[in-house]
Amino acid sequence: SMASALCRTRLPFVSFLSPFSANASSRLLFVRSLSTVQQSQAASGQTADQQRVAAAMSVAKDQMQKNSSMSSNDVSNIYELGAKPSVDFGNDYNLPHPIWHGEYVYRVKPTHRPPEDFVDKLALATIRATRFNFDWMSGWMFGKPTVDKAVRRICFLETVAGVPGSIAGIIRHLSSLRRMQRDHGWIHTLFEEAENERMHLLTYLQLKKPTATFRGAVWLTQGIFFNFFFLAYLVSPRFCHRLVGYLEEEAVNTYTHILNDIDSGGELAVWKTTPAPPIAKSYWKLPDTATMRDVVAVTRADEAHHRDVNHEFATLKPHDPNPFKPGH
């Protein structure tokens, strides 16, 4: 996303905030500010990205004060110079998303929506054919689940699952611009879904670094699936949302299978005691004692949510209002 890209980039982020920060003195000021921020905030456990953002913000404030008549108090918070955000997420760059709590995450069950017509049957057949081929090509259908097989499968599937929402969102965005009409709320839900899938990927990547072969397979698959889904959405948004609904049904099946293996004492039982990565604790607001089993459970809840949302979108007309609020 743009926000995460800005977080990872130093000088371009400063340039984005202030047109006066691209010169040599600003770069030197940024480096010095970054060093100061790193020293003062290292004890608080802030990430490198957070430190770079804090340093960039410090430089932006200095530049705004230098090149305007504002006092230091005026630039104490550059985001409140005459306006406040409609929704304040603090320092969280993530889009709204569900924060699962209680026993719901453990009550999620695999479901299947029977196809009603040719479009539904075509979508279901496409997903089942895709899953069968991926199962035997990845070795998932052979032998017992292992940690390596599970992580490899999850990471690969999430690189695919993050594509539909972004494509559907941009197509509807461009359509709204061309038609000069409102989108009625679909765009935000689609982009939230895409980012949620990407966060799944970033979470499970903490367990294993992808190989060159894996990266190559992702490049190839993304190129094929992106173009397929883009063209398909132009022709039939309903087919695409039904397709994603069935894809998410399979995702729920996969995570349920993994949870069952964890609980039955298989090789994945190690995830009962494996600590959840910090990125997962931050994203889903998990407790410090959370384990990988908890991460799998909330991931499955996300996928069940995407399943239900896309099946609902497939039943709605393209110009119907979105019944899902941000983060739901």
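Residues numbered from 1 in each chain as written. Predicted model: local features only at pLDDT ≥ 70, side-chain atom pairs only at ≥ 80, totals over all residues. Heavy atoms only, no water.

Colleague: Looking at this structure, I do not really get the overall build of the protein chain. What am I missing?
Modeller: Tallying secondary structure elements over the protein chain gives 12 helices and zero strands in all. Secondary structure elements of the protein chain, listed N to C terminal, follow the sequence α-α-α-α-α-α-α-α-α-α-α-α. When each of the 328 residues of the protein chain is scored for burial, the buried share is 42%. Once local pairs closer than 6 in sequence are excluded, the contacts in the protein chain between residues at least 24 apart make up 69%. Accessible surface for the protein chain amounts to roughly 17,900 Å². Of this, 60% is attributable to carbon and sulfur atoms. (Helix = DSSP H or I, 4+ residues; strand = E, 2+ residues; numbered from the N terminus. Buried < 20%, exposed > 50% of the residue type's maximum accessible area, 1.4 Å probe, protein only. Contact = heavy atoms within 4.5 Å. Areas by Shrake-Rupley, 256 points an atom, 1.4 Å probe, with all protein chains shown as cover.)

Colleague: Before we go on, may I ask you to explain the side chain of threonine 256 in this structure?
Modeller: Inspection of the secondary structure assignment puts threonine 256 in helix H10 (residues 237-263). Within the structure, threonine 256 has its side chain in polar contact with the side chain of arginine 300 (distance 3.1 Å). What threonine 256 contacts, discounting residues up to four positions off in sequence, is Pro110 and Arg300. (Polar contact = N/O pair within 3.5 Å; in protein donor to acceptor, adjacent residues only side chain to side chain.)

Colleague: Sorry, what's going on with the nonpolar core here?
Modeller: Nonpolar side chains in soluble globular proteins tend to end up buried together. Judged by nonpolar contacts, the single largest core of 57 residues is most densely connected at Tyr204, Phe229, Ile258, Trp271, Trp284, Val295 and Val296. Those elements that provide at least two residues to this core are helix H6 (118-138), helix H7 (147-179), helix H8 (186-204), helix H9 (212-235), H10, helix H11 (278-284) and helix H12 (292-315). Here tyrosine 204 is in contact with Val151, Ile154, Cys155, Tyr255, Met292, Val295, Val296 and Thr299, once residues within four sequence places are set aside. (Core = buried A, V, L, I, M, F, W, Y, C linked by side-chain atoms within 4.5 Å.)

Colleague: Looking at this structure, I do not really get H9. What am I missing?
Modeller: Since the α-helix packs 3.6 residues into each turn, any two residues three or four apart lie on the same face. With 24 residues, H9 extends 35 Å between its outermost C-alpha atoms, agreeing within 8% with the 34 Å of an ideal straight helix rising 1.5 Å per residue. When we look at burial in H9, the residues that qualify are Phe214, Val218, Phe225, Phe229, Ala232 and Tyr233. Against H7 and H10 lie the buried residues of H9. (Expected span 1.5 Å × (residues − 1).)

Colleague: In this structure, what is going on with the environment of arginine 307? I would like to understand it.
Modeller: On the secondary structure map, arginine 307 appears in helix H12. Along the chain, arginine 307 and histidine 241 lie 66 residues apart, while their C-alpha atoms are 9.2 Å from each other. Residues contacting arginine 307, with those up to four places away along its chain left out, are Lys109, Pro110, Thr111, Gly245, Glu248, Glu249 and Val252. Among the polar contacts made by the side chain of arginine 307, one reaches the side chain of threonine 111 at a distance of 3.0 Å.

Colleague: Looking at this model, I keep getting lost on the packing of H7 against H10. Mind explaining?
Modeller: A pair of packed helices can be characterised by two numbers: the angle between their axes and the separation between those axes. Where H7 contacts H10, the axes come no closer than 12 Å and their chain directions differ by 160 degrees. Relative to H10, H7 is oriented roughly antiparallel. The crossing of H7 and H10 is left-handed. On the side of H7, the interface is formed by Ala150, Arg153, Ile154, Glu158, Ala161 and Pro164, while H10 contributes Val244, Leu247, Thr254, Tyr255 and Ile258. The class makeup of the residues in the contact of H7 with H10 is eight nonpolar, one polar and two charged. (Axes fitted to C-alpha atoms, helices over the stretch in contact; angles between N-to-C directions. Parallel < 35°, antiparallel > 145°, perpendicular 65-115°, else oblique. Left-handed = near helix turned anticlockwise from the far one by under 90°. Nonpolar A, V, L, I, M, F, W, Y, C, P; charged D, E, K, R; others polar.)

Colleague: Even after reading the chapter, I still don't get the pattern of salt bridges, so can you show me in this structure?
Modeller: A pair can form between side chains of opposite charge whenever their charged atoms are brought close. With the rule as written, the count across this model stands at 10 salt bridges. The partner of arginine 131 in a salt bridge is glutamate 250, and the shortest N-O contact between them spans 2.6 Å. Of this pair, arginine 131 sits in helix H6 while glutamate 250 sits in helix H10, and the two are 119 residues apart along the sequence. For aspartate 308, the salt bridge is made with arginine 307, and the minimal N-O distance between the two is 3.0 Å. With relative accessibility at 6%, the residue arginine 307 sits in the buried group. (Salt bridge = Lys/Arg side-chain N within 4 Å of Asp/Glu carboxyl O.)

Colleague: Can you help me understand H7 in this one?
Modeller: With 33 residues, H7 should cover 48 Å at 1.5 Å per step; its first-to-last C-alpha distance of 49 Å lies within 8% of that length. Within two residues after H7, methionine 180 carries a phi angle of roughly 55 degrees, on the positive side.

Colleague: Can you help me understand a nonpolar patch on the surface in this one?
Modeller: On the surface, a cluster of nonpolar side chains totalling about 400 Å² of accessible area is made up of Leu95, Ile170, Leu174, Leu177 and Phe191. For leucine 95, the location among the structural elements is in the loop between helix H4 (48-66) and helix H5 (104-107). Of the residues examined, leucine 95 reaches a relative accessible area of 34% and is grouped as partly exposed. (Patch = residues over 30% accessible without salt bridge, like charges linked within 9 Å, V, L, I, M, F, W, Y side chains within 5 Å.)

Colleague: How should the packing of H9 against H10 be read in this particular structure?
Modeller: One can describe the packing of H9 onto H10 by two numbers: an axis separation of 5 Å at closest approach and a directional angle of 130 degrees. One way to sum up the angle between H9 and H10 is to call them oblique. Between H9, through Phe228, Phe229, Ala232, Tyr233 and Val235, and H10, the contact on the second element is made entirely by Pro237, Phe239, Cys240, His241, Leu243 and Val244. Considering only residue class, the contact of H9 with H10 consists of 10 nonpolar, one polar and no charged.

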